[in-house]
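The residues making up each chain are set out below.
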Amino acid sequence: MTNFPFEAQRALFPILQKKAQLSSCSQSALSTPVTEALARYMTSWSEQGMDWGGWGVVLDQAKAEFARLIHADAADIAVMSCVSDFASSIGNCLSFDAQRDGIVLGEIDFPSVGHVWLAQQARGAVVQFAQPDAGGEIALEGYARLINDRTRLVSVSQVSYSNGFKQDIGAIVKLARAQGALLFVDAYQSAGVMQIDVQRDDIDMLVCGAQKYLLGCPGIAFMYVRPSVAEQLKPSNTGWFGRINPFAFDIRTLDYAQGARRFDTGTPPYINGAAACAGMALLNTLDMAQVEAYIEQLSAVALREAKRHNLPIASPLDPSRKGSNTAIRVKDSAAIERHMASAGFIVSARGPLIRVAPHFYNTEQDVAGAMAALARLV
Ligand SMILES: Cc1ncc(COP(=O)(O)O)c(C=O)c1O
């Protein structure tokens with residue numbers, strides 16, 4: 001195989017012996033460490049009856065693995081079951097008044113996050129969308145035009161779920177900071193395949209769920225909150241795990257734990273935490289700079305092959321301007337997804353698009369094969 005740096009790790013994903021799984025923008029492949037972590041959970045449940053202590057330790061390890069991936073401290077990470085819940089939790093903490101009522105987000109961000117911000121209109125928020133250009137990219141000026149001294153929150157998807165466009169987060173932070181707005185980064189399509197450093201980039205909040213590039217399963221998500229920001233926020237969406245001492249069992253006292261833990265709510269999704277922990281631990285054995293460079297190499301192959309087969313590309317045409325996902329416009333994406341699966345290529349349909357989204361374990365041959373199969377089907 002040409003230029004394939006992850007031969008040894010590829011062997012940890014049994015499905016790849018039979019199929020080309022290229023659906024990491026939706027669900028990544030199952031690895032043996034994740035299978036083993038889930039089996040350990042089931043064994044402890046089956047043989048010990050319950051192990052809240054042990055399951056809690058694994059969940060804390062999952063927080064620590066996520067923190068390591070994004071260069072944060074484990075104490076700055078909260079856990080919930082999905083990214084939308086985190087967005088709601090943050091939205092409900094903010095006040096929207098005549099001085100500060102603006103929320104700015106990208107038109108190609110994930111709709112669910114947009115819905116959460118739109119729901120804040122009932123609390124006085126004014127929501128504005130930065131528009132992509134004809135090439136599917138949102139220029140910084142698109143945000144700059146909308147961010148002003150009334151903006152409370154800027155919400156940005158680091159990589160678009162739809163066309164894979166990659167935004168310059170460091171530059172957006174500067175725009176938000178200059179106007180005194182908070183920055184909420186949705187890293188669901190970037191964490192696990194891109195270097196992320198929340199401290200270097202001075203990010204306020206960053207969210208990501210487990211089942212895409214983090215190699216876990218659905219039902220768990222993580223949020224980084226900058227400590228100085230967390231201290232100012234009092235989530236109304238709360239529960240006993242957000243208390244200073246969850247085991248105080250004092251029904252009359254609503255105290256908020258220090259830092260990000262105040263965003264924890266009720267009993268966490270421990271089993272999903274076990275899977276997420278193992279997936280991220282595997283990622284943390286890799287050199288993320290090498291993964292990022294390799295994903296860009298696969299993007300170049302995807303774009304080259306799509307062009308060669310005259311497939312209509314919806315993604316940015318410069319591999320350095322996109323994440324893993326290369327989106328192709330098709331007529332019936334659900335049917336194409338099914339036909340591709342029958343041909344051994346697991347890709348992901350979204351609206352009018354088929355998304356080919358490799359992870360580090362995919363080869364150039366996987367990507368080129370998928371584009372050739374797509375060309376035969378469309
Ligand atoms: C970028 C992005 N954000 C958010 C979501 C949805 O997150 P959740 O279902 O965890 O709320 C998705 C799901 O595809 C996504 O791709």
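The preceding data block contains the structure.
A.B. asks: How should the site of the ligand be read in this particular structure?
C.D. replies: Taken together, Cys82, Val83, Ser84, Phe110, Ser157, Tyr161, Asp186, Tyr188, Gln189 and Lys212 make up the full set of residues adjacent to the ligand. Contact between the ligand and Val83: an oxygen atom at 2.9 Å from a main-chain N or O atom of the residue. Note that a nitrogen atom of the ligand is positioned 2.5 Å from one of the side-chain N or O atoms of Asp186. About the coverage of the ligand: the protein hides 87% of its 400 Å² of free accessible area. Within the shell around the ligand, the residues separate by chemical class into five nonpolar, three polar and two charged.

A.B. asks: Mind showing me how you'd approach a nonpolar patch on the surface here?
C.D. replies: A cluster of nonpolar side chains, namely Trp240, Phe247 and Phe249, defines an oily patch on the protein surface of about 370 Å² accessible area. Tracing the chain through its elements places Phe247 in the loop between α8 (227-230) and α9 (270-283).

A.B. asks: Whenever I open this one, the nonpolar core confuses me. Can you help?
C.D. replies: Soluble globular proteins tend to pack their nonpolar side chains together in the buried interior. Core analysis: the largest hydrophobic core is formed by 117 residues, its most contacted members being Ile70, Trp117, Leu183, Leu206 and Leu374. In terms of residue count, helix α10 (residues 288-308) provides more of this core than any other element does, nine residues in total. Counting contributing residues, this core receives three or more from each of domain 1 (7-30 + 287-377) and domain 2 (42-283). By size, the runner-up hydrophobic cluster in this structure holds five residues, among which are Val34, Ala37, Cys217 and Ala275.

A.B. asks: Can you walk me through the packing of aromatic side chains in this structure?
C.D. replies: The relation between two aromatic rings is expressed through the spacing of the ring centres and the mutual angle of the planes. All told, the structure shown has 19 aromatic pairs when counted by the stated rule. Their ring planes at 20° and their centres at 5.3 Å tell us that Phe66 and Phe222 sit as a pair that is stacked. Of the two residues, Phe66 is situated in helix α3 (residues 52-70) and Phe222 in strand β8 (residues 221-225); the sequence distance between them amounts to 156 residues. Judged by its relative accessible area of 0%, Phe222 is buried. Judged by centre distance (5.7 Å) and plane angle (35°), the ring pair of Trp240 and Phe249 falls under tilted.

A.B. asks: How should I be thinking about the packing of helix α2 (residues 32-48) against α9 in this particular structure?
C.D. replies: Angle between the axes and distance between the axes: these two values describe a pair of packed helices. It is at 8 Å that the axes of α2 and α9 come closest, and there the two elements cross at 150°. Relative to α9, the element α2 lies roughly antiparallel. Crossing handedness for the pair α2 and α9: right-handed. Along the contact surface, α2 presents Pro33, Val34, Ala37, Leu38, Tyr41 and Met42, while α9 presents Tyr270, Ile271, Ala274, Ala275, Ala278, Gly279 and Leu282. Residues that form the contact of α2 with α9 fall into these classes: 12 nonpolar, one polar and no charged.

Cut-off values and rules
- Residues numbered from 1 in each chain as written.
- Predicted model: local features only at pLDDT ≥ 70, side-chain atom pairs only at ≥ 80, totals over all residues.
- Heavy atoms only, no water.
- Near = heavy atom within 4 Å.
- Polar contact = N/O pair within 3.5 Å; in protein donor to acceptor, adjacent residues only side chain to side chain.
- Areas by Shrake-Rupley, 256 points an atom, 1.4 Å probe, with all protein chains shown as cover.
- Nonpolar A, V, L, I, M, F, W, Y, C, P; charged D, E, K, R; others polar.
- Patch = residues over 30% accessible without salt bridge, like charges linked within 9 Å, V, L, I, M, F, W, Y side chains within 5 Å.
- Salt bridge = Lys/Arg side-chain N within 4 Å of Asp/Glu carboxyl O.
- Helix = DSSP H or I, 4+ residues; strand = E, 2+ residues; numbered from the N terminus.
- Core = buried A, V, L, I, M, F, W, Y, C linked by side-chain atoms within 4.5 Å.
- Buried < 20%, exposed > 50% of the residue type's maximum accessible area, 1.4 Å probe, protein only.
- Domains from an automatic or database assignment.
- Phe/Tyr/Trp six-rings, centres within 6.5 Å; stacked < 30°, edge-to-face > 60°.
- Axes fitted to C-alpha atoms, helices over the stretch in contact; angles between N-to-C directions.
- Parallel < 35°, antiparallel > 145°, perpendicular 65-115°, else oblique.
- Left-handed = near helix turned anticlockwise from the far one by under 90°.
- Contact = heavy atoms within 4.5 Å.

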